[in-house]
Amino acid sequence: MADALASVVREAGASARAAFGKPVKTWVKEHNSPVSEVDIAVNILLKERLAAIAPDAGWLSEETEDDPARLGASRVWIVDPIDGTRSFIAGRPDWAISVALVEARRPIVAALYAPVSEEVFLAVAGAGATRNGVPIVATPGGAIEGARFAGPKGFLDRLAAVAPTFTVPPRIHSLALRFARVADGTLDAAFASRTSRDWDLAAADLLVHEAGGALTTTGGITLAYNGATTVHDVLVAAGLARHRTLTVLLRDRGDLLG
């Protein structure tokens, strides 16, 4: 299934990349969130291809009206056709195709494809995570000093006022790709605000965990997907030791969460 999923996200990414940097029709949906005709086209392609891989699975996508029937499905595809639509529209490279198959409310297989950099991230529950076929591992160690952190600017500013000095690389606008950079060791930790949704997270979640890290709420709670609500609390992802350091700090300093 992972190989089939990799083929599907590559096809979807190639379709989106063909329109990247060209004029496309865009509009704004609820919560002032942008969407483009390419998001919709990729969504249609993914729904057709993924149905062939797991015909019994339900469907939850950012670009499809929610169907409550998914709540009764034993397995569900959770999809973001283009995570980082603002970047796609603006011609920035940090956008990705994000797909995960969820069973018993946790991802069991996941693919994330960054078409501009041609990186395919794959994870299978219990079998590890790879980038372009090479195993990836979250960075070890628990120190904050000198670590590379990514997340909402306001949160990072508050954290910097009380924590040892850390570095903040250039912003990664795709949340899924931001967390994938924790899985591959490019970042030492990443954070998300309370606005993240199932489709932003499910694939990256499995990547981080299969790379030897953790992606949880700041209270250390593992995420559950395909629930009645798809919105999640403030999140932190890191290798296990650093994740422990950060969750302890944030538990003691709830004021940092905003």
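Residues numbered from 1 in each chain as written. Predicted model: local features only at pLDDT ≥ 70, side-chain atom pairs only at ≥ 80, totals over all residues. Heavy atoms only, no water.

S.K.: Quick question: what am I supposed to make of the packing of aromatic side chains here?
M.R.: Aromatic rings in a pair are described by how distant their centres are and how their planes are angled relative to each other. Under the defined criterion, the tally for this structure stands at six aromatic pairs. Where Phe88 meets Trp95, the ring centres are 4.9 Å apart and the plane angle is 90 degrees; that geometry is what we call edge-to-face. For the pair Phe88 and Trp95, a shared accessibility class is recorded, and that class is buried. On the numbers, 5.7 Å between centres and 75 degrees between planes, the contact of Phe149 with Phe191 is edge-to-face. Within this pair, whereas Phe149 is found in strand E10 (residues 149–150), its partner Phe191 is found in strand E11 (residues 189–192), the two being separated by 42 residues in sequence. The ring centre of Trp59 lies 5.5 Å from the NZ or CZ of Lys47, which sits over that ring. (Phe/Tyr/Trp six-rings, centres within 6.5 Å; stacked < 30°, edge-to-face > 60°. Buried < 20%, exposed > 50% of the residue type's maximum accessible area, 1.4 Å probe, protein only. Helix = DSSP H or I, 4+ residues; strand = E, 2+ residues; numbered from the N terminus. Lys NZ or Arg CZ within 6 Å of the ring centre and 35° of its normal.)

S.K.: Would you explain the packing of helix H5 (residues 175–183) against helix H6 (residues 198–210) in this entry?
M.R.: Contact geometry for H5 and H6: axes closest at 9 Å, N-to-C directions at 5 degrees. With respect to their mutual orientation, H5 and H6 come out roughly parallel. The residues of H6 that touch H5, namely those facing Leu175, Ala176, Phe179, Ala180 and Ala183, are Asp200, Leu201, Ala204, Leu207 and Val208. Grouping the constituent residues of the contact of H5 with H6 by class yields nine nonpolar, no polar and one charged. (Axes fitted to C-alpha atoms, helices over the stretch in contact; angles between N-to-C directions. Parallel < 35°, antiparallel > 145°, perpendicular 65-115°, else oblique. Contact = heavy atoms within 4.5 Å. Nonpolar A, V, L, I, M, F, W, Y, C, P; charged D, E, K, R; others polar.)

S.K.: It is not clear to me how the sheet that holds strand E4 (residues 75–83) should be interpreted in this structure. Could you clarify?
M.R.: Adjacent strands of a sheet pair through backbone hydrogen bonds, lying either parallel or antiparallel. Taken together, the seven strands give an open sheet; going across it, the order is E3-E4-E5-E6-E7-E8-E9, and neighbouring strands pair in mixed fashion. Bordering the open sheet on either side are strand E3 (58–61) and strand E9 (134–135), each of which pairs with just one other strand. Here strand E5 (residues 96–103) pairs with strand E6 (residues 106–114) via seven bridges, running antiparallel. From the neighbouring strand, Val102 faces E6, where its bridge partner is Pro107. Those strands touched by helix H2 (residues 37–53) are E3, E4 and E5, and its axis lies near 150 degrees from that of E4. (Pairing = 2+ DSSP bridges.)

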